[in-house]
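Fold and geometry: a report
Now for the letters of each chain:
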Amino acid sequence: QVQLVESGGGLVQAGGSLRLSCAASGSIFSINVMGWYRQAPGKQRELVARIFSTSGGSTNYADSVKGRFTISRDNAKNTVYLQMNSLKPEDTAVYYCNILELGRSRANYWGQGTQVTVSS
């Protein structure tokens, strides 16, 4: 059984930084994409950033976080990180870790979410 455990959320002032971590336990297909999504109150969940296990670890970012957030992964630890700099109040949301296996099963796993609050 795969479990994702997130950490690193909290309250920070605008312009500050936070680093989110997500550690996966259990057996995960080695070809996958790890990502971070967020959901603000009254809004749909949206992709923040994702990183592939192949293609040299290619990444995608939402336009709103480009140049401020950096996603990375440690395959040996099945862990994905999100370094968030120059935080803005509009970054306030619950952040969710996600792993999508890119094998035949296309299994999709979610973390429980961690709150990030940016005060102005």
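Look up a bit, the structure's there.
Note that this is a predicted model, so its numbers are computed, not measured.

Regarding the overall build of the protein chain
Regarding its fold elements, the protein chain presents zero helices and 11 strands. Counting helices and strands in the order they occur from the N terminus, the protein chain gives β-β-β-β-β-β-β-β-β-β-β. Dimensions of the protein chain, computed from the C-alpha atoms along their principal axes, are close to 45 × 25 × 25 Å. Here the protein chain holds 120 residues, and the buried ones make up 42% of them. Here the analysis covers contacts within the protein chain between residues at least 6 apart in sequence; of these, 53% occur between residues at least 24 apart. For the protein chain, the accessible surface area stands at approximately 6400 Å², while carbon and sulfur atoms represent 46% of it. When the 12 basic and 7 acidic side-chain charges of the protein chain are each reduced to a single mean position, those positions are 4 Å apart.

Re the packing of aromatic side chains
Per the counting criterion, the structure on display carries one aromatic pair. Judged by centre distance (5.0 Å) and plane angle (65°), the rings of Tyr 37 and Trp 110 are edge-to-face. You can see Tyr 37 sitting in strand β4 (residues 32-39) and its partner Trp 110 sitting in strand β10 (residues 108-110), a full 73 residues away along the chain. Judged by relative accessible area, which is 21%, Tyr 37 ranks as partly exposed.

Structural notes on the state of the cysteines
Inspection of the entire model under this criterion finds one disulfide. The partner cysteine of Cys 22 in its disulfide is Cys 97, sulfur to sulfur 2.1 Å. Negative torsions about the S-S bond denote left-handed disulfides, and the value of about -80° found for Cys 22 with Cys 97 makes this one left-handed. Within this pair, whereas Cys 22 is found in strand β3 (residues 18-25), its partner Cys 97 is found in strand β9 (residues 93-101), the two being separated by 75 residues in sequence. Both residues of the pair, Cys 22 and Cys 97, belong to the buried class.

Side note on the pairing of strand β7 (residues 69-74)
Residues Phe 69, Ile 71 and Arg 73 of β7 are buried on one face, while the alternating residues Thr 70, Ser 72 and Asp 74, pointing to the opposite face, are not. The turn linking β7 back onto strand β8 (residues 79-84) is made up of four residues, and Asn 78 within it adopts a positive phi angle of 50°.

Brief notes about the environment of Val 118
Mapped onto the fold, Val 118 is located in strand β11 (residues 114-119). For Val 118, the contacting residues outside a window of four places in its chain are Val 12, Gln 13, Ala 14, Leu 87, Lys 88, Pro 89, Asp 91 and Thr 92.

Observations regarding the side chain of Glu 101
Structurally, Glu 101 can be placed in strand β9. A polar side-chain atom of Glu 101 sits 3.2 Å from a polar atom in the side chain of Ser 105. The residues contacting Glu 101, other than those within four sequence positions of it, are Ser 27, Ile 28, Phe 29, Ile 31, Asn 32, Arg 106, Ala 107 and Tyr 109.

The rules behind each value
Residues numbered from 1 in each chain as written. Predicted model: local features only at pLDDT ≥ 70, side-chain atom pairs only at ≥ 80, totals over all residues. Heavy atoms only, no water. Helix = DSSP H or I, 4+ residues; strand = E, 2+ residues; numbered from the N terminus. Buried < 20%, exposed > 50% of the residue type's maximum accessible area, 1.4 Å probe, protein only. Contact = heavy atoms within 4.5 Å. Areas by Shrake-Rupley, 256 points an atom, 1.4 Å probe, with all protein chains shown as cover. Lys, Arg positive; Asp, Glu negative; His and termini not counted. Charge placed at Lys NZ, Arg CZ, Asp CG, Glu CD. Phe/Tyr/Trp six-rings, centres within 6.5 Å; stacked < 30°, edge-to-face > 60°. Disulfide = S-S within 2.5 Å. Pairing = 2+ DSSP bridges. Polar contact = N/O pair within 3.5 Å; in protein donor to acceptor, adjacent residues only side chain to side chain.

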